[in-house]
Amino acid sequence: MADASVYRIQGATGEWEVVIGLEVHAQVTSNAKLFSGASTEFGAEPNTQVSLVDAAFPGMLPVLNEECVRQAVRTGMALGAQINAWSRFDRKNYFYADLPQGYQISQLYHPIVGEGSIEIEADGATKTVGIERIHIEQDAGKLMHDQHPSFSYVDLNRSGVALMEIVSKPDMRSPEEAGAYVRKLRSILRYVGSCDGNMEQGSMRADVNVSVRKPGEPFGTRTESKNVNSVRFIMAAIEYEANRQVDILEGGGSIVQETRLFDPDKGETRSLRSKEDAHDYRYFPDPDLLPLELTPAFLEECRASLPELPDAKRARYEEALGLSAYNAQVLTAEAETARWFEALLAEAALKAGKPETQVAKAAANWLISDLFGALNRLGRTVEDSPVSPAQGAELLALIGDGTLSGTLGKQVFEIMLETGQDPARIVEERGLKQTSDTGAIEAVIADVMAANADKVAEYRAGKDKLFGFFVGQTMKAMAGKGNPQVVNELLKKALG
Amino acid sequence: MSVDTATVRHIAKLARIAVSDGEVEALVPELNNILGWIEQLQEVDVTGVEPMTAVIPNQLRMRADVVTDGDRRDAVLKNAPLAEHGFFAVPKVIE
Amino acid sequence: MSDLTDLGVAAIRDGVRDGAFSAHEVAEAFNANVAKAKGLNAFIIDTPEHALAAADQADRDRAEGKLKPLSGVPLGIKDLFATKGYQTTAGSSMLGGFEPVYESTVSRHLFGAGAGMLGKLNMDEFAMGSSNETSAYGNVISPWRRSDGGNAALTPGGSSGGSAAAVAARLAPGVTGTDTGGSIRQPAAFVGITGIKPTYGRCSRYGMVAFASSLDQAGPMARDVRDCAILLQAMAGYDPKDSTSLQLDVPAWEASLSSDIRGKRIGIPKEYRIEGVPEEIDRVWEQGIAWMRDAGAEIVEVSLPHTRYALPTYYIIAPAEASSNLARYDGVKYGRREMPDKGGLADMYQATRAAGFGAEVKRRIMIGTYVLSAGFYDAYFNQAQKVRALIARDFEQVWQHCDYLLTPTAPSAAFAIGEKMADPIAMYLNDVFAVPASLAGLPAMSVPAGLNDQGLPLGLQIIGRAFDEQGVLNAGLAFEERAGFTARPESWW
Ligand SMILES: [Mg+2]
Ligand SMILES: [Zn+2]
């Protein structure tokens, strides 16, 4: 029996292992297209972001966008991959209405990035997934089928937008691993800034290669489900496709190597054979372009511009800041969260006059429980948080120096969320400052004891549990502003 | 290597050129004639020779990432055999 | 005053500058010749208004002392160059009625230098042909006839057949041509004019309808070497819109023209002596060698061992690139569309391309598709690119022994229309001497050498080192001075 954490499909003839490889198409973040000066902005009117190059007019020629090359190289570096200082563009020839040139400029024979890897955590274990290659290529246009009864409409706004195709090795063995891989890849791309990772807008989509085999046997025949555009769908497509293949194989059939389409509504994949008849891409080097040769200076600039990446950052949060593994993981999963946290931390250290290491835990805890909780409620992210890192740091400082109790702190934070005001101002204007004035507290305690003489008697007779009641009454009478520690001490003294 | 009618039909399909039976019949010997003639390249010893990548030594230059084009839909669609509502129109594609 | 249409580019430019005649008069004269020469079918469209507008501008510029390098010179533009607002067909019915909204870099340079356009010149469809018989707009008829009394219509060569005929028949003092595997040089030789294909990358390919991208080069065709130098200087130049464009300043080719080639070594490649080539070709070649020796050059026999593989190499690479370059003609964005009843997208593609392309274009697309298809890439395309590297290496080695090569341009004089259309390989062999320099991207020029026994022009080719257009032009000038070629076809059209 395989161990419980290993993903297996139970078939009638035994257990099946699933083998998964992903080809992720990630739109390169750039202003202009890969080979033309048209904009890449999302959501424009049809055919308004089209140059004559993108529409493949006679005599139009491609000229390479340096930023797209730079981003692909930086991405490769972030994946610890081999960067090929000499690469080349090839034409992939096929006819389709969304492909004006009749070929896609891509890189088959000599991609810009070679082998690398990604560390993922899934099914309770850490695992390395190999990267086979990254190449640069053009996106196709878009076809709309539902606008006219007998025509499809062609919009070339996306035609020529730069994509990185990031090809994994067939190293994943479960839908969870594939999901973790895509999430991790997306995280890295966003850290690097080479892709916005926006799956709803199609900035990232995956071709999902799936095959099944009996454990220990050679790879089976794979199918490729094209253009799956969310982590959930990728996992669903794998699940469906693996089970479909097992059913076929156990029924005595064999798997056809083919391209399939994942239908998110039905949760199933189906054959795309129509688009595929006679597919023979006739790749050859694009004679309109020369080999792409990268200078050491260019490579150095790419490397120098790389930010600290999630794995390194997580390790640093744990080791240097003393954060828990969980907190470090949560804070580094998204570049924006880490950026927010680091801004918060810097401000908090400044305001407290302490090193970051001494304020890190409180900052992390507040961010993860209070801020995330609030943002979740509001349906927002750190990027559009109504509270800024500086304001958060100010709040932490007010709690840290005893101006606010924890309870008052939460109260002030709620007001911050509503009004966007600075915490100090809220405390000032609303008089929410915590008091440690023993005379004032003693006076309140005296009133509370006078009003509850019976309870005082009970307490003194040994009903210790009533202590909490007196704390509550005292705090309530002070509108929550009494320093809980001082209240406790004075109550104990007064009650004897 | 020589081609038969099936191969010629397959190539024509790859190239998206409709061919009649008569054209296929005519193309078979024509293409074989040409293919037989270019076949002589096989006899050249190319051991250790890299395929040519640039005709004249030259360096690929790159452009800056600046939007310099677009916003000219009328020009893009001007010569289209059929354009509607700002789109090129093609016979309906069933996916 | 002699007929203005007897003047070449330099003479017109100088005459306009000196006030000997107006640019307007020149344009009128050539427009009239174009209008009278319909029988040659050299132009697909005439654009007399363009020529006149440029001429009038030239006359105004002269008055204001602002003359440009080509002010007053009307030119014919091969229909492979996109001309903004003027139909550009590449000789194909696929692009019938296509009016680009853009200007090719080469024509933009020429018009920017003050030249006007007489019309768009007929050509082989997508520049695929050596006789101008594949044009969808009809054959171009050479202005030349054999002196045998027969009236056989001859081809002007191709693919720049309209260009060649226009210059030879005095319909234009100069024209643009394009050369993928001899398409400037072979027609120039057939009609007794001069044409130069510069180093690959000298002239931008932006806006030039692509045939085979790694081979296509624009160049001028004119009556003599000086006119070619003037025109090439205006056409060439670095263009950031063409990634294969050479980032080099354009030399002052005309100013540096010199026929003094004393001490230069001229190579005679022994592999260019091909069996079956008519004796008259050898004879004119020997004559050319004698002239070069007379000019003080040293003649050396050299070897280009892979010469015989050049044509088959070309007929793999060029069709392969063409099969891909021509995929964009699919009836969607521009040009022709054929829509069978109840047909889908694939039916539209197939019908459009079946109807829009002629037989030769289809043949080459089929060959190109085949040699790139699964399983054949290494055997054909990759092998051809390796042999191409060897051919280029042959030239590299030969430059250690000589400065230029002198060879025949074509293996025969002009042939009759229809004579070779049935046999594609016989047609392809026309470019046997022209193709090697194309594969290696080298500058090469055809200059008229004399007439054969039937009174038809024969040309010789001068090939030079990469970037050495000046050397080629100078050798051409030395040759031209000695050849003293003045023959011209008698007007029958
Ligand atoms: Mg794929
Ligand atoms: Zn791809």
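As a reminder, the structure under discussion sits directly above these lines.
The structure contained in this document is the topic of the report that follows. (Residues numbered from 1 in each chain as written. Chains lettered and ligands numbered in written order. Predicted model: local features only at pLDDT ≥ 70, side-chain atom pairs only at ≥ 80, totals over all residues. Heavy atoms only, no water.)

With 52 residues of chain B at the contact, the number on the chain C side is 70 residues. Roughly 5,200 Å² of surface becomes buried between chain B and chain C when both sides are summed, with 70% attributable to carbon and sulfur atoms. In this structure, C:Lys362 and B:Glu23 form a salt bridge, with 3.9 Å as the shortest nitrogen-oxygen distance. Put simply, chain B and chain C have 19 residue pairs in polar contact (both at pLDDT 80 or more) between them. Elements with a minimum of two residues in the side of chain B that touches chain C: α1 (5-14), α2 (21-38), α3 (73-77) and β2 (87-91) of chain B. Tallying contributions element by element places α2(B) first for the side of chain B that touches chain C, with 9 residues. (Contact = heavy atoms within 4.5 Å. Buried area = accessible area lost by both parts, 1.4 Å probe. Salt bridge = Lys/Arg side-chain N within 4 Å of Asp/Glu carboxyl O. Polar contact = N/O pair within 3.5 Å; in protein donor to acceptor, adjacent residues only side chain to side chain. Helix = DSSP H or I, 4+ residues; strand = E, 2+ residues; numbered from the N terminus.)

With that settled, the discussion passes to the coordination of the zinc ion (ligand 2). Residues and elements named next belong to chain A. Looking at the zinc ion (ligand 2), one finds its protein donor set to be His25 (NE2), Glu137 (OE) and Glu165 (OE), positioned 1.9 to 2.1 Å from the metal centre. Between the donor residues of the zinc ion (ligand 2), the gaps in sequence give the motif H-x111-E-x27-E. The distance between the zinc ion (ligand 2) and the magnesium ion (ligand 1) comes to 5.1 Å. In this pair, His25 sits in strand β2 (residues 14-27) while Glu165 sits in strand β10 (residues 162-168), placing the two residues 140 residues apart along the sequence. (Donors = N, O, S within 2.8 Å, 3.2 Å for Na, K, Ca; no water.)

All names here are of chain C. Examined against the element boundaries, Ser160 turns out to sit in the loop between β3 (116-121) and α5 (161-168). Engagement of the side chain of Ser160 in a polar contact is seen with the backbone oxygen of Thr178, the distance being 3.2 Å. Look past the residues within four positions of Ser160 in its chain and what remains in contact with it is Lys78, Asn132, Gly177, Thr178, Ser183, Ile184, Pro187 and Met221.

The antiparallel open sheet is built from 3 strands, whose spatial order is β5-β4-β15 (chain A). Bordering the open sheet on either side are β5 (103-106) and β15 (284-285) of chain A, each of which pairs with just one other strand. Helix α9 (residues 310-325) of chain C contacts β4 (90-93), β5 and β15 of chain A of the sheet and is inclined by roughly 60 degrees relative to β4(A). (Pairing = 2+ DSSP bridges. Axes fitted to C-alpha atoms, helices over the stretch in contact; angles between N-to-C directions.)

Attention shifts here to the coordination of the magnesium ion (ligand 1). The reference angle at a metal is 109.5 degrees if four donors form a tetrahedron and 90 or 180 degrees if six donors form an octahedron. For the magnesium ion (ligand 1), the full set of protein donor atoms is A:Glu23 (OE), A:Asp207 (OD) and A:Glu224 (OE), at a range of 2.0 to 2.5 Å. When the donor residues of the magnesium ion (ligand 1) are listed from N- to C-terminus, their spacing reads E-x183-D-x16-E.

With that out of the way, let us pick up the side chain of A:Ser87. Residue and element names in this part refer to chain A. Examined against the element boundaries, Ser87 turns out to sit in strand β3 (residues 86-87). Classification of Ser87 by relative accessible area gives buried; the value is 0%. Each residue touching Ser87, except ones within four places of it in the same chain, is listed here: Gln107, His110, Pro111, Ile112, Pro291 and Leu292. (Buried < 20%, exposed > 50% of the residue type's maximum accessible area, 1.4 Å probe, protein only.)

The two faces of a sheet get side chains in turn, since along a regular strand they alternate between them. Residue and element names in this part refer to chain A. Strand β11 (residues 204-213) sits mainly inside the fold: 10 of its 10 residues count as buried. Residues Met204, Ala206, Val208, Val210 and Val212 line one face of β11 and the alternating positions Arg205, Asp207, Asn209, Ser211 and Arg213 line the opposite face, and both faces are buried. As paired strands, β2 and β11 are joined by 10 bridges and run antiparallel to one another. Across the sheet, the residue bridging to Glu23 is Asp207, located in β11. Here 4 bridges tie β11 to strand β12 (residues 223-228), and the two strands are oriented antiparallel to one another. Considered in β12, the bridge of Asn209 is made with Glu224.

This structure, assessed with the given rule, holds 35 aromatic pairs over all chains. Look at A:Phe233 and A:Phe262: their rings are 5.8 Å apart centre to centre, the planes differ by 45 degrees, and that puts the pair in the tilted class. Residue A:Phe233 is found in helix α3 (residues 231-250), and its partner A:Phe262 is found in strand β13 (residues 259-263); the two are separated by 29 residues along the sequence. Pair check on accessibility: A:Phe233 and A:Phe262 agree, each one buried. Members of the aromatic cluster, connected to one another through ring pairs, are A:Phe57, C:Phe98, C:Tyr102, C:Phe126, C:Tyr329, C:Tyr334 and C:Phe357. The aromatic ring of A:Tyr103 is capped on one face by A:Arg91, whose charged end is 4.0 Å from the ring centroid. The lysine or arginine in question, A:Lys455, covers the ring of A:Phe469, its NZ or CZ lying 4.8 Å from the ring centre. (Phe/Tyr/Trp six-rings, centres within 6.5 Å; stacked < 30°, edge-to-face > 60°. Lys NZ or Arg CZ within 6 Å of the ring centre and 35° of its normal.)

Another point: the layout of surface pockets. Residues and elements named next belong to chain A. Looking at the second largest pocket, its volume works out to about 510 Å³. As for the second largest pocket, its lining consists of 16 residues, and the residues nearest its centre are Ala180, Arg183, Lys184, Gln329 and Ala333. Going through the elements one at a time, β6 (116-122), α2 (175-192), α6 (310-319) and α7 (325-332) are the ones with two or more residues in the lining of the second largest pocket. For the lining of the second largest pocket, the element with the highest residue contribution is α2, accounting for 5 residues. Grouping the constituent residues of the lining of the second largest pocket by class yields 4 nonpolar, 4 polar and 8 charged. (1 Å grid on protein atoms, 1.4 Å probe; cavity = no way out; pocket = protein on both sides within 12 Å on 5 of 7 lines; lining within 4 Å. Points joined across faces, edges and corners; volume = space filled by probe spheres on them. Nonpolar A, V, L, I, M, F, W, Y, C, P; charged D, E, K, R; others polar.)

Look at the link from C:Gly158 to C:Ser159: it is a cis peptide, with omega at 10 degrees. Structurally, C:Ser159 can be placed in the loop between β3 and α5. Look at B:Arg16: it is not a glycine, yet its phi comes out positive at around 50 degrees. The residue B:Arg16 is located in the loop between α1 and α2 in this model. We classify B:Arg16 as buried; its relative accessible area is 13%.

Time to look at the sheet that holds strand β10 (residues 444-451) of chain C. Residues and elements named next belong to chain C. Taking strand neighbours across the sheet as the criterion, the 11 strands line up as β1-β3-β2-β4-β6-β5-β10-β11-β9-β7-β8 in an open arrangement whose pairing is mixed. Since the sheet does not close on itself, it has two edges, and those belong to β1 (43-46) and β8 (298-302), each with one partner. Across the sheet, the mean angle separating the axes of adjacent strands is 30 degrees when strand polarity is ignored. Bridge count between strand β5 (residues 194-197) and β10: 3 bridges; the pairing is antiparallel. Its bridge partner being in β10, Ile196 is matched across the sheet by Met445. Helix α2 (residues 23-36) rests against β1, β2 (74-78) and β3 of the sheet, and its axis sits at about 15 degrees to β3.

Residue-level contacts link 29 residues of chain A with 37 residues of chain C. Summing both partners gives a buried area of about 2,800 Å² for chain A against chain C, and 62% of it is carried by carbon and sulfur. Counting across the chain A and chain C interface gives 1 salt bridge. Put simply, A:Asp288 and C:Arg205 hold a salt bridge, and the shortest N to O gap is 3.0 Å. Breaking the side of chain A that touches chain C down by element, the ones donating at least two residues are β4 and β15 of chain A. Residues belonging to the side of chain A that touches chain C are distributed by class as follows: 21 nonpolar, 4 polar and 4 charged.

What follows deals with helix α13 (residues 438-451) of chain A. Residues and elements named next belong to chain A. For α13, which comprises 14 residues, the first-to-last C-alpha distance of 20 Å matches the rise-based estimate of 20 Å (1.5 Å per residue) to within 8%. Within α13, burial applies to Ile441, Val444, Ile445, Val448 and Met449. Each buried residue of α13 lies within a common arc of 135 degrees when the element is viewed along its axis, so the set occupies one face. Exposed positions of α13 whose direction lies more than 90 degrees from the buried face are Asp447, Ala450 and Ala451. Close packing links the buried residues of α13 with α14 (453-460), α15 (467-477) and α16 (484-495). Looking at where α13 begins, the residue whose side-chain oxygen comes 3.0 Å from the main-chain nitrogen of Gly439 is Asp437. (Expected span 1.5 Å × (residues − 1). Arc of directions from axis to C-beta.)

Before going further, it helps to spend a moment on the nonpolar core. All names here are of chain C. Leu70, Phe126, Val371, Phe395, Leu406 and Phe479 are the most contacted members of the largest nonpolar core, which totals 216 residues. Ranked by residues supplied to this core, first place goes to helix α12 (residues 378-398) with 10 residues. With residues up to four places along the chain from it excluded, the contact list for Leu70 reads Val9, Leu110, Ala113, Gly114, Ala115, Ile230, Leu231 and Ala234. (Core = buried A, V, L, I, M, F, W, Y, C linked by side-chain atoms within 4.5 Å.)

Here we come to empty space enclosed by the protein. Here the structure, examined in full by the defined rule, presents 8 cavities of 30 Å³ or more. Each pocket or cavity is described by its volume, and for the largest cavity that value is around 240 Å³. What lines the largest cavity is a set of 21 residues, and nearest its centre among them are A:Pro287, A:Leu289, B:Thr53, B:Ala54 and C:Ser214. In terms of residues, the lining of the largest cavity owes the most to one element, α12(C), which gives 3 residues. Approximately 80 Å³ is the volume found for the second largest cavity. As for the second largest cavity, its lining consists of 14 residues, and the residues nearest its centre are A:Asp54, A:Gln101, A:Gln138, A:Ser159 and A:Gly160.

The axes of two packed helices give the description: the angle between them and the distance between them. Residues and elements named next belong to chain C. It is the contact of helix α1 (residues 9-18) with helix α7 (residues 225-235), at a shortest axis distance of 8 Å, that shows an interaxial angle of 70 degrees. By the angle between their axes, α1 is roughly perpendicular relative to α7. In this structure, α1 uses Val9, Ala10 and Arg13 to contact α7, whose residues at the interface are Arg226, Asp227, Ile230 and Leu231. Class assignment of the residues belonging to the contact of α1 with α7 gives a composition of 4 nonpolar, no polar and 3 charged. (Parallel < 35°, antiparallel > 145°, perpendicular 65-115°, else oblique.)

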